[in-house]
Amino acid sequence: MFEHVQPYAGDPIFALVDAFNADPRPGKVNLSIGIYFDEQGRLPVLDSVRRAEALLLEAGGAKPYLPMEGDASCRREVQALLFGRDHAALRQGRVATIQTVGSSGGLRVGADFLKAWFPSSAVWMSDPTWDNHRSMFEACGFAVHGYPYYDAATGGVAFDRMKAALEGLPARSIVLLHACCHNPTGVDLTRAQWDQLIPVLAQRGLIAYLDLAYQGFGEGIDEDAYAVRALANAGLAFFVANSFSKSMSVYGERCGALSAVCPSAAEAALVLGQLKFTVRRNYSSPPLHAAGIVARVLGDAALRSQWEGEVAQMRERILAMRRALHAALTRKLPGRRFEYFLTQRGMFSYTGLTPAQVDELRERHAVYLIRSGRMCIAGLNSRNVATVAEAIAAVLA
Ligand code: KET
């Protein structure tokens, strides 16, 4: 019956996690998947999240199905977090938000919606991008293309080429953009660059689709929402999928949302209806526990300020690890430049290590990176950073 089924090659990120877990070497270091580990190398449960869960448990509520679009207070809090509490687009009822199964669920539901209502559009994403972006949009039937983004020569954004590419796209093309903490490069657009890009999106009639998976890990919670707010301020119609996996350290709870900013409240109602229909045909409704966590952490003043402090701590620890790795590598290989560790933002650094060097790091030194050369800085701590620097220096030498 199933002989004709093709074997699955495995996911480039999750396969490495399996390999890491199966690795018996005691000093192994996991810098592959985008997960924040604390200074002790543990996956933290944030105090704000623990307290929110205690409140949920105490309330002892029943466990009904949520509506297709998710929990109302969760959706309201997500909107306020993304756009700011008093944004005109929210007051005008122009934003359709659904709670989703992680931001992956949101990305996929939005992609399904776009394929249904813009069937002849193609999708353009940064070169490079998160591997799963391409997979997801191709699975919805889209042709996926890349626009120039990372400039290996400068280690920055190839902004002029990126802008020129977008200027040449047909109207209604879908343009996927990382709102902050670009995965895998850690190289973000500046505010001035967003401000130059927004008129292009508007004038060409492009459909921007923002992925905001690392809010708070770049400059700050509000700061990292700059792109979302700037696009909304400019009156654009666009999508944004946002995640709490990293910012609340709730990976397996699948906390995320999808928002569509629409030209009018009437259009937002139409879009919301079709998003609900898409959800119903896929997984019917999102997880209750996820909604309870997000709504409480964001909506309770005490938990909210505790969470903001915890996000700041994670962000600062990542920065401290960037500085530590930079210092150690600069000491070992004084002739080479490692400034990119300091200038890149978020969990990831794009190291420029080749797939062969990444393989050598894994095989000889038990240090795991993604084969693109992407390193998850949040897997470093003060006990493993020196060993990692030594291993990198050995493969570069
Ligand atoms: N968008 C981006 C840019 C992203 O890096 C991830 C996860 C997601 C969305 C999905 O997050 P969710 O938990 O569905 O809300 N990235 C890490 C884990 C993964 O590959 O799934 C990673 O790149 O390692």
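Remember, it's a predicted structure, so these values are computed and weren't measured experimentally. Within each chain, residues carry numbers counting from 1 in the order of the written sequence. Whole-chain, interface and lining totals are the exception, using all residues; otherwise, since this is a predicted model, local features are given only for residues with pLDDT of at least 70 and side-chain atom pairs are given and counted only at 80 or more. With hydrogens and water stripped out, all remaining heavy atoms of the structure feed into the side-chain values.

Draft legend 1. Region of the structure containing the layout of surface pockets. Of the volumes computed, that of the largest pocket is approximately 590 Å³. Grid points spaced at 1 Å over the protein atoms alone were grouped into cavities, where a 1.4 Å probe fits but cannot get out, and pockets, open sets with protein on both sides within 12 Å along at least five of seven lines, with lining residues defined by an atom within 4 Å of a point. F14, I33, S104, W130 and K246 are the residues nearest the centre of the largest pocket, which is lined by 30 residues in total. Where the lining of the largest pocket is concerned, the elements lending two or more residues are helix 1 (14–22), helix 5 (102–117) and helix 6 (131–139). Counted by class, the lining of the largest pocket contains 13 nonpolar, 11 polar and 6 charged residues. Counted as a void, the second largest pocket has a volume near 480 Å³. Around the second largest pocket, the lining is made up of 22 residues, and of these F118, A237, P263, E267 and V271 lie nearest the centre. Numbering goes from the N terminus for both helices and strands, where a helix is a DSSP run of H or I of at least four residues and a strand is a run of E of at least two. Broken down by secondary-structure element, the contributors of at least two residues to the lining of the second largest pocket are helix 5, helix 8 (191–203), strand 9 (238–243), strand 10 (255–261) and helix 10 (265–282). Polar here means any residue outside two lists: the nonpolar Ala, Val, Leu, Ile, Met, Phe, Trp, Tyr, Cys and Pro, and the charged Asp, Glu, Lys and Arg; Gly therefore counts as polar. Residues belonging to the lining of the second largest pocket are distributed by class as follows: 18 nonpolar, 2 polar and 2 charged. Grid points are joined across faces, edges and corners, and a volume is the space filled by probe spheres set on the points.

Draft legend 2. Structural detail: a nonpolar patch on the surface. The patches described consist of residues with a relative accessible area above 30% and no salt bridge, like charges being joined within 9 Å and nonpolar side chains (Val, Leu, Ile, Met, Phe, Trp, Tyr) within 5 Å. We get accessible surface area from the Shrake-Rupley algorithm with a probe of 1.4 Å; when it comes to residues, only the shown protein chains can shield them. Note on definitions: salt bridges are taken to be side-chain nitrogens of Lys or Arg within 4 Å of carboxyl oxygens of Asp or Glu. Together, M1, F2 and V5 make up an exposed nonpolar region whose accessible area comes to about 420 Å². Under the scheme applied here, a residue whose accessible area is under 20% of the maximum for its type counts as buried, over 50% as exposed, and between as partly exposed, the area being computed with a 1.4 Å probe on protein chains only. For F2, a relative accessible area of 64% puts it in the exposed group.

Draft legend 3. A look at helix 11 (residues 288–299). For a helix, the expected span equals 1.5 Å multiplied by the number of residues minus one. The end-to-end C-alpha separation of helix 11 is 16 Å, in line with the 16 Å expected for 12 residues at 1.5 Å each. Of the positions making up helix 11, those classed as buried are A290, A291, G292, I293, V294, A295, V297 and L298. Two residues qualify as a contact provided that any one of their heavy atoms is within 4.5 Å of a heavy atom in the partner residue. Packing partners of the buried residues in helix 11 comprise helix 2 (47–59), helix 3 (72–83), strand 2 (95–101), strand 10 and helix 12 (301–332).

Draft legend 4. Expanded view of the sheet that holds strand 4 (residues 144–148). Sheet architecture is open: 7 strands sit in the order 2-10-9-8-7-3-4, paired in mixed fashion. Unpaired on one side and paired on the other, strand 2 and strand 4 mark the two borders of the sheet. Here the strands of the sheet are splayed against their neighbours by 25 degrees on average, with no regard to which way each runs. Relative to strand 10, strand 9 runs antiparallel, the two sharing 6 bridges. Strand pairing is defined by DSSP finding a minimum of two bridges between the two strands. Every axis corresponds to a line fitted to the C-alpha atoms, with the helix fit spanning only the stretch in contact, and the corresponding angles, defined between N-to-C directions, vary from 0 to 180 degrees.

Draft legend 5. Quick peek at the state of the cysteines. Note that a disulfide, as used here, is simply two cysteine sulfur atoms within 2.5 Å. Scanning the entire structure with this criterion turns up 0 disulfides. With no disulfide of its own, C180 lies closest to C181 among cysteine sulfurs, the gap being 3.8 Å.

Draft legend 6. Expanded view of helix 3. With 12 residues, helix 3 ought to run about 16 Å at 1.5 Å a step, and its terminal C-alpha atoms sit 17 Å apart, in line with that. For helix 3, the buried fraction is high: 9 of the 12 residues fall into the buried class. Considered for burial, the residues of helix 3 that qualify are C74, R75, E77, V78, Q79, A80, L81, L82 and F83. Directly beyond the C-terminal end of helix 3, a positive phi value near 90 degrees is found at G84.

Draft legend 7. Structural context of the packing of helix 11 against helix 12. Across the interface, helix 11 lies against helix 12 with an axial gap of 5 Å and an inter-helix angle of 90 degrees. Classed by the angle they form, the pair helix 11 and helix 12 counts as roughly perpendicular. Counting all contacts with helix 11, which are made through R296, V297, L298 and G299, the residues of helix 12 involved are A301, L303, R304 and W307. Its residues assigned to classes, the contact of helix 11 with helix 12 comprises 5 nonpolar, 1 polar and 2 charged. Any angle that falls under 35 degrees is termed roughly parallel, while one over 145 is termed roughly antiparallel, one within 65 to 115 roughly perpendicular, and all others oblique.

Draft legend 8. Broad picture of the environment of V144. With respect to the helices and strands, the residue V144 is situated in strand 4. V144 gets classed as buried once you look at its relative accessible area, which sits at 10%. When the C-alpha positions of V144 and H133 are compared, they lie 9.3 Å apart, and in sequence the two are 11 residues distant.

Draft legend 9. Representation of the pattern of salt bridges within the structure. Enumeration over the complete set of coordinates arrives at 18 salt bridges. D86 is paired through a salt bridge with R91; the nearest N and O atoms lie 3.9 Å apart. Where R364 meets E360, a salt bridge forms, and the shortest distance between an N and an O atom there is 4.0 Å. One end of the pair is R364 and the other is E360, both in helix 14 (residues 355–365) and 4 residues apart, which spans about a single turn. According to the relative accessible area criterion, E360 is partly exposed, its value standing at 27%. It is possible to trace a salt-bridge network through shared partners that takes in D359, R362, E363 and R371.

Worth remembering: the numbers are spatial, not functional.
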